[in-house]
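Read off the chains here:
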Amino acid sequence: MTVTRLDAVQLLERIEDLADLLVDTVTNGASVGFLAPFDRTEALAWWKERAAAVTTGQLAVWAAQKDGRTVGTVSLAFADKPNSRHRAELVKLMVHRGARGRGLGRTLLSTAEEAAISAGVTLLHLDTETDSLAERLYGSAGWIRAGVIPDYAARPDGVLRPTTIYYKHV
């Protein structure tokens, strides 16, 4: 398995796989910002919109590939205000259901943390659905729970769920 940081051209070259991963993630109930029904056309459009942010350096995207298919991704969204350049948000950590349970989520998380350090970032933050598998990953990786916001985001089925906010000094 290889994890590679994608530039905008590479992102667009892998957009079909990235869209499939996003559809798989949403279809399997992950609260990553989308509601069901969610189709490939929407996923393709969403990833295409990310290319501009990758080009400007506001977003860094890593993709994990196995046997020529994208099976995971993670991104860092860098702050654009002068007083917050020391921090970034970890976003869209996704692992295809067929690749779960093998440490890929932890590998992607470590990749993003190491890249943040290399970029001079000292503080990372994220939000995730409370009581989700992802929440267990962040807690076991040394992320600190800052608090819970009730009814923060809807799962793909539209049910409102609490979100836990985490941070980590890197």
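So, how was this worked out
- Residues numbered from 1 in each chain as written.
- Predicted model: local features only at pLDDT ≥ 70, side-chain atom pairs only at ≥ 80, totals over all residues.
- Heavy atoms only, no water.
- Helix = DSSP H or I, 4+ residues; strand = E, 2+ residues; numbered from the N terminus.
- Rg over C-alpha atoms; globule rule 2.2 N^0.38 Å.
- Buried < 20%, exposed > 50% of the residue type's maximum accessible area, 1.4 Å probe, protein only.
- Contact = heavy atoms within 4.5 Å.
- Areas by Shrake-Rupley, 256 points an atom, 1.4 Å probe, with all protein chains shown as cover.
- Lys, Arg positive; Asp, Glu negative; His and termini not counted.
- Charge placed at Lys NZ, Arg CZ, Asp CG, Glu CD.
- Salt bridge = Lys/Arg side-chain N within 4 Å of Asp/Glu carboxyl O.
- Phe/Tyr/Trp six-rings, centres within 6.5 Å; stacked < 30°, edge-to-face > 60°.
- Polar contact = N/O pair within 3.5 Å; in protein donor to acceptor, adjacent residues only side chain to side chain.
- Core = buried A, V, L, I, M, F, W, Y, C linked by side-chain atoms within 4.5 Å.

1. What to know about the overall build of the chain
(1) Moving on: Scanning the chain from N- to C-terminus turns up 5 helices and 7 strands.
(2) Moving on: In sequence order, the chain lays out its α and β elements as β-α-α-α-β-β-β-α-β-α-β-β.
(3) Moving on: Expected size for 170 residues packed as a compact globule is a radius of gyration near 15 Å; at 15 Å, the chain falls within 12% of this value.
(4) Moving on: If one aligns the C-alpha atoms of the chain with their principal axes, the spans along those axes are about 35 × 35 × 30 Å.
(5) Moving on: When each of the 170 residues of the chain is scored for burial, the buried share is 42%.
(6) Moving on: The long-range share in the chain, meaning contacts at least 24 apart out of those at least 6 apart in sequence, stands at 59%.
(7) Moving on: For the chain, the computed accessible surface area is about 8,700 Å², with 52% contributed by carbon and sulfur atoms.
(8) Moving on: Counting 20 positive and 20 negative side-chain charges, the chain places the centres of these two groups 4 Å from one another.

2. Here we look at the pattern of salt bridges
(1) Moving on: Evaluated as defined, the whole model comprises 9 salt bridges.
(2) Moving on: Salt-bridge contacts for lysine 81 lead to aspartate 80; the nearest nitrogen and oxygen are separated by 3.8 Å.
(3) Moving on: Take aspartate 80: its relative accessible area is 47%, and that puts it in the partly exposed class.
(4) Moving on: Several salt bridges converge on common partners, so that one network encompasses Glu16, Asp20 and Arg40.

3. Points about the packing of aromatic side chains
(1) Moving on: According to the stated counting rule, one finds 5 aromatic pairs in the structure shown.
(2) Moving on: Ring geometry for tyrosine 138 against tyrosine 166: centres 6.2 Å apart, planes inclined by 50°, an arrangement best described as tilted. Pair noted here: tyrosine 138 is in helix H5 (residues 133-140) and tyrosine 166 is in strand S7 (residues 160-169), with a separation of 28 residues, a long-range link. Each member of the pair, tyrosine 138 together with tyrosine 166, is buried.
(3) Moving on: An aromatic cluster is defined as three or more aromatic residues linked by ring pairs; in this entry it consists of Phe34, Phe38, Trp46 and Trp47.

4. Structural notes on unusual backbone geometry
(1) Moving on: In this structure, proline 37 follows alanine 36 across a cis peptide bond, with omega equal to -5°.
(2) Moving on: Here proline 37 lies in the loop between helix H2 (15-27) and helix H3 (40-56).
(3) Moving on: Of note in this structure, aspartate 67 is not a glycine but carries a positive phi near 55°.
(4) Moving on: Counting through the fold element by element, aspartate 67 comes out in the loop between strand S2 (59-66) and strand S3 (69-78).
(5) Moving on: Judged by its relative accessible area of 74%, aspartate 67 falls in the exposed class.
(6) Moving on: The backbone of lysine 92 shows a phi angle near 50°, a positive value even though the residue is not glycine.
(7) Moving on: Mapping lysine 92 onto the fold places it in strand S4 (residues 87-95).

5. Some points on the environment of threonine 27
(1) Moving on: Looking at the element boundaries, threonine 27 is found in helix H2.
(2) Moving on: Considered as a pair, threonine 27 and tyrosine 152 are 125 residues apart in the sequence and their alpha carbons are 20 Å apart.
(3) Moving on: Here the side chain of threonine 27 touches valine 23 through a polar contact of 2.7 Å, landing on its backbone oxygen.

6. Examining the nonpolar core
(1) Moving on: Of all hydrophobic cores here, the largest spans 25 residues; its most connected members are Leu76, Leu90, Tyr138 and Trp143.
(2) Moving on: Broken down by secondary-structure element, the contributors of at least two residues to this core are S2, S3, S4, helix H4 (104-118), strand S5 (123-129) and H5.
(3) Moving on: When near neighbours in sequence (up to four residues on either side) are disregarded, leucine 90 contacts Val74, Ser75, Leu76, Leu109, Ala112, His125, Leu126, Tyr138 and Trp143.
(4) Moving on: Leu6, Val26, Val61 and Val91 belong to the second largest nonpolar core, which has 23 residues in total.

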